[in-house]
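Residues per chain, in single letters:
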Amino acid sequence: MCLTISLLASILSSMTLRFEALAWGDDGHEVVGYIAQAFLTSGAASFVSEYLDSSYDGQLGPAATWADSVKYEKAYEWSQPYHFVDAMDSPLSGSCSVEETRDCDSEGCILTAIANYTTRVTDTSLSKTQRDEALKFLTHFLGDVTQPLHCENYEVGGNDISVTFNGASDNLHSVWDTGMIELNLKANYDDSVADYADALVQRIQSGDLQSQASGWIACVNPTEKLDSRATISPLECPIEWARDANAYDCSYVFQYTKGSDLATTSYYTGAIPIIDVQLAKGGYRLAAWLNTLFDGSSGLPSK
Ligand SMILES: *[C@@H]1O[C@H](CO)[C@@H](O)[C@H](O)[C@H]1NC(C)=O
Ligand SMILES: [Zn+2]
């Protein structure tokens, strides 16, 4: 009996680890949602309060993890490829790139998903439930697209690279999704996602991130076409965001000392500012995107 329970527990926990290894973990997504919420203008805020599933109490933070919570259910398995784009570049040789026609196949990817749910969230012919889902997908995917390893094919986005983190074996993808964020939350934010999000909002409004924030939303037009030859996804901004995240695969993500513990070396301390900025970008862009869709402009300082 005991054996069965502990066996079951260990199977369940290894499944959880496996699942967590496939997306900014819950913490990162919630941070993105909370940041976005702080920058919504009136029409977007009204849409969120009216259309978001009432169990989330009008908050994008808790709603941001919904897309991960359903993707292993039979009914939503089709959404699994929407969480990333498999950039077939060569980050170890310093060559980073995302090309829609090369990297996004007929199953779809995060680029087509953002385009699809951008159209659907404003489509008044859809039901309230369908538009709620579109909002939850957008809230999630505008987060995932800022995770460098969600915009990388090499070693399954780092999932197949074993590393040591905080004394335990892990993989590089999961360290970026979850491990480093959890350590940072415990060390600096009393393990509170809301405190971390508040701190990033402050830094965007009046701190060290203020001067760069307008650059994060340089592309914010939800109808701007990528180019007339791109047949897969019609939008310009998602590919720009993916390229921005993917560039870190060349400049930082794979540059660690083999065999070292990534939590106790300069790899961790150097990654935290990147993670801060990527989560901040995700939240700020999500607000700008929804504001543009529901209020006609980003409502945020632009260059
Ligand atoms: C768009 O979203 C709907 C609803 O989730 C889905 O059924 C459809 O397959 C999606 N289309 C594309 C091209 O991603
Ligand atoms: Zn995801």
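Since the model is a prediction, treat every value here as computed from it, not as a measurement. (Residues numbered from 1 in each chain as written. Chains lettered and ligands numbered in written order. Predicted model: local features only at pLDDT ≥ 70, side-chain atom pairs only at ≥ 80, totals over all residues. Heavy atoms only, no water.)

Engineer: Where do I start with the overall build of the chain in this structure?
Structural biologist: Across its full length, the chain carries 13 helices and 2 strands. The C-alpha atoms of the chain give a radius of gyration of 19 Å, which matches the 19 Å a tight globule of 303 residues would have. The burial tally for the chain puts 53% of its 303 residues in the buried class. Partitioning the contacts of the chain with sequence separation of at least 6, the portion at a separation of at least 24 is 72%. As displayed, the chain offers around 13,300 Å² of accessible surface, 51% of which is attributable to carbon and sulfur atoms. (Helix = DSSP H or I, 4+ residues; strand = E, 2+ residues; numbered from the N terminus. Rg over C-alpha atoms; globule rule 2.2 N^0.38 Å. Buried < 20%, exposed > 50% of the residue type's maximum accessible area, 1.4 Å probe, protein only. Contact = heavy atoms within 4.5 Å. Areas by Shrake-Rupley, 256 points an atom, 1.4 Å probe, with all protein chains shown as cover.)

Engineer: Please clarify how the state of the cysteines should be interpreted in this entry.
Structural biologist: Here, the word disulfide means a covalent bond between the sulfur atoms of two cysteines. For the structure on display, the rule yields 3 disulfides. Between the sulfur atoms of Cys-104 and its disulfide mate Cys-109 the distance is 2.2 Å. With the S-S dihedral at roughly -105°, the linkage between Cys-104 and Cys-109 falls on the left-handed side. Of the two residues, Cys-104 and Cys-109, both sit in the buried class. Across the disulfide from Cys-219 sits Cys-237; the S-S distance is 2.1 Å. On the sign convention where negative is left-handed, the bridge of Cys-219 and Cys-237, at about -90° about the S-S bond, is left-handed. Taken together, the residues Cys-219 in the loop between α11 (210-216) and α12 (236-253) and Cys-237 in helix α12 connect sequence positions 18 residues apart. Cys-237 matches Cys-219 in its accessibility class, with the two residues each being buried. Described in terms of the sequence order of its bonded cysteines, the disulfide pattern of the chain is 1-6, 2-3, 4-5. (Disulfide = S-S within 2.5 Å.)

Engineer: Would you mind showing me how to read the side chain of His-140 here?
Structural biologist: As for its position among the elements, His-140 is in helix α8 (residues 128-144). For His-140, a relative accessible area of 0% corresponds to the buried category. Reaching out from His-140, the side chain makes a polar contact with the backbone oxygen of Ala-64 at a distance of 2.8 Å. (Polar contact = N/O pair within 3.5 Å; in protein donor to acceptor, adjacent residues only side chain to side chain.)

Engineer: Just to check I follow, could you spell out the nonpolar core for this structure?
Structural biologist: Side chains of a nonpolar character, in soluble globular proteins, are inclined to be buried together. Among the nonpolar cores identified, the biggest contains 93 residues, and Leu-172, Trp-176 and Met-180 are the most heavily contacted of them. Element by element, the count of residues in this core is highest for helix α13 (residues 266-295), at 15 residues. For Met-180, the contacting residues outside a window of four places in its chain are Phe-165, Val-175, Tyr-267, Tyr-268, Ala-271, Ile-272 and Ile-275. (Core = buried A, V, L, I, M, F, W, Y, C linked by side-chain atoms within 4.5 Å.)

Engineer: Help me understand a negative patch on the surface in this model?
Structural biologist: Residues Glu-182, Asp-190, Asp-191, Asp-195 and Asp-198 make up a contiguous surface patch of negative charge. Residue position: Glu-182 is located in helix α9 (residues 172-188). (Patch = residues over 30% accessible without salt bridge, like charges linked within 9 Å, V, L, I, M, F, W, Y side chains within 5 Å. Salt bridge = Lys/Arg side-chain N within 4 Å of Asp/Glu carboxyl O. Lys, Arg positive; Asp, Glu negative; His and termini not counted. Charge placed at Lys NZ, Arg CZ, Asp CG, Glu CD.)

Engineer: Could you clarify how one ought to interpret the packing of α9 against α13 in this entry?
Structural biologist: If you want to describe how two helices pack, look at the angle between their axes and the distance between the axes. At their nearest, the axes of α9 and α13 sit 10 Å apart, and the two run at 90° to each other. With respect to their mutual orientation, α9 and α13 come out roughly perpendicular. Residue-level contacts link Leu-172, Trp-176, Met-180, Ile-181, Leu-183 and Asn-184 of α9 to Tyr-267, Tyr-268, Ala-271, Ile-272, Ile-274, Ile-275, Asp-276 and Leu-279 of α13. The class makeup of the residues in the contact of α9 with α13 is 12 nonpolar, 1 polar and 1 charged. (Axes fitted to C-alpha atoms, helices over the stretch in contact; angles between N-to-C directions. Parallel < 35°, antiparallel > 145°, perpendicular 65-115°, else oblique. Nonpolar A, V, L, I, M, F, W, Y, C, P; charged D, E, K, R; others polar.)

Engineer: In this structure, what is going on with the coordination of the zinc ion (ligand 2)? I would like to understand it.
Structural biologist: Perfect tetrahedral coordination of a metal by four donors corresponds to 109.5 degrees between them, and perfect octahedral coordination by six donors corresponds to 90 or 180 degrees. Protein coordination of the zinc ion (ligand 2) is provided by His-83 (ND1), His-140 (NE2) and Asp-144 (OD), with donor distances spanning 1.9 to 2.2 Å. Every donor residue of the zinc ion (ligand 2) comes from the same chain, spaced as H-x56-H-x3-D. In this pair, His-83 sits in the loop between α5 (66-70) and α6 (100-103) while His-140 sits in helix α8, placing the two residues 57 residues apart along the sequence. Among the residues examined, His-83 registers a relative accessible area of 1% and is labelled buried. (Donors = N, O, S within 2.8 Å, 3.2 Å for Na, K, Ca; no water.)

Engineer: Any chance you could explain the pattern of salt bridges here in plain terms?
Structural biologist: Two side chains carrying opposite charge are able to pair once their charged atoms lie near each other. One pass over the full model with this rule turns up 9 salt bridges. Asp-103 is paired through a salt bridge with Arg-102; the nearest N and O atoms lie 2.7 Å apart. Classification of Asp-103 as buried rests on a relative accessible area of 7%. When the shortest N-O distance is used, the salt bridge between Arg-203 and Asp-208 registers 2.8 Å. The exposure class assigned to Asp-208 is partly exposed, which follows from its relative accessible area of 48%. Connected via shared salt-bridge partners are Arg-203, Asp-208 and Asp-276.

Engineer: Please explain helix α7 (residues 110-121) as it appears in this structure.
Structural biologist: Over its 12 residues, α7 runs 16 Å from end to end, which matches the ideal 16 Å to within 8%, given 1.5 Å per residue. Of all 12 residues in α7, 9 are buried, a share of seventy percent or more. Along α7, the positions that sit buried rather than exposed are Ile-110, Leu-111, Thr-112, Ala-113, Ile-114, Ala-115, Tyr-117, Thr-118 and Val-121. Lining the buried residues of α7 we find α3 (42-51), α6, α8, α12 and α13. (Expected span 1.5 Å × (residues − 1).)

Engineer: What am I meant to see in the site of ligand 1 here?
Structural biologist: Taken together, Trp-78, Tyr-82, Asn-116, Tyr-117 and Arg-120 form the complete shell of residues around ligand 1. Between ligand 1 and the protein, one listed contact pairs an oxygen atom with a side-chain N or O atom of Asn-116 at 2.3 Å. At 2.7 Å from an oxygen atom of ligand 1 is found a side-chain nitrogen or oxygen belonging to Tyr-117. Within the complex, 55% of the 360 Å² of free accessible area of ligand 1 lies under protein. (Near = heavy atom within 4 Å.)

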